[in-house]
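Chain residues, written in single-letter form:
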Amino acid sequence: MTKSFRPWKVDEVWLLPAHPLSGQKVAASGRTQLGGGQIATAMVAAVRLGLSAAYAGAGGDDVAADPVLRGLRAEDVDVSAGRRVSGGAPGRALERRPP
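Report on the accompanying structure. Note that this is a predicted model, so its numbers are computed, not measured.

## Some words on the overall build of the chain
Here's step 1: Broken down by element type, the chain carries 2 helices and 7 strands.
Here's step 2: Helices and strands appear in the chain in the N-to-C order β-β-β-α-β-β-α-β-β.
Here's step 3: Partitioning the contacts of the chain with sequence separation of at least 6, the portion at a separation of at least 24 is 73%.

## So, the environment of Asp 11
Here's step 1: Relative to the assigned elements, Asp 11 resides in strand β2 (residues 9-15).
Here's step 2: Its relative accessible area of 15% is what places Asp 11 among the buried residues.
Here's step 3: Between the C-alpha atom of Asp 11 and that of Val 68, which follows or precedes it by 57 residues, the distance is 9.4 Å.

## Quick notes on unusual backbone geometry
Note on backbone geometry: most residues besides glycine have negative phi, and most peptide bonds are trans.
Here's step 1: Non-glycine residue Asp 76 carries a positive phi angle of around 65°.
Here's step 2: With respect to the helices and strands, Asp 76 occurs in the loop between α2 (65-74) and β6 (83-85).
Here's step 3: A relative accessible area of 60% places Asp 76 in the exposed class.

## Re α2
Here's step 1: Buried within α2 are the following residues: Ala 65, Val 68, Leu 69 and Leu 72. Take α2 and look down its axis: the buried residues cluster within an arc of 90°, on one side only. Residues of α2 that are exposed and point over 90 degrees away from its buried face: Arg 70 and Ala 74.
Here's step 2: Contacts made by the buried residues of α2 are with β2, β3 (30-36), α1 (38-48), β4 (53-55), β5 (58-60) and β6.
Here's step 3: Once α2 finishes, Asp 76 follows within two positions and takes phi at roughly 65°, a positive value.

What counts, and at which threshold
Residues numbered from 1 in each chain as written. Predicted model: local features only at pLDDT ≥ 70, side-chain atom pairs only at ≥ 80, totals over all residues. Heavy atoms only, no water. Helix = DSSP H or I, 4+ residues; strand = E, 2+ residues; numbered from the N terminus. Contact = heavy atoms within 4.5 Å. Buried < 20%, exposed > 50% of the residue type's maximum accessible area, 1.4 Å probe, protein only. Arc of directions from axis to C-beta.

In structure tokens form, the structure reads like this:
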């Protein structure tokens, strides 16, 4: 079994038609939030490769943490040892992807 003990993260993904030039403004065509972070991504990859994985991270009790846990559960990552911390919030990363 692959195990990890790290805080969970949220990737904020903005869909842009092109990489903006310095000082240029570009309208996004969409936006979504995904459970992310290097460790969670590695746990999902392990499960998809046929291994079992457990993620014992800690995260907030806010609404941003809910999709992180739902996503990991949907990928069959065991999150039963994870902890929700009152008043906490997951770390965030901003990511740009082409549409």
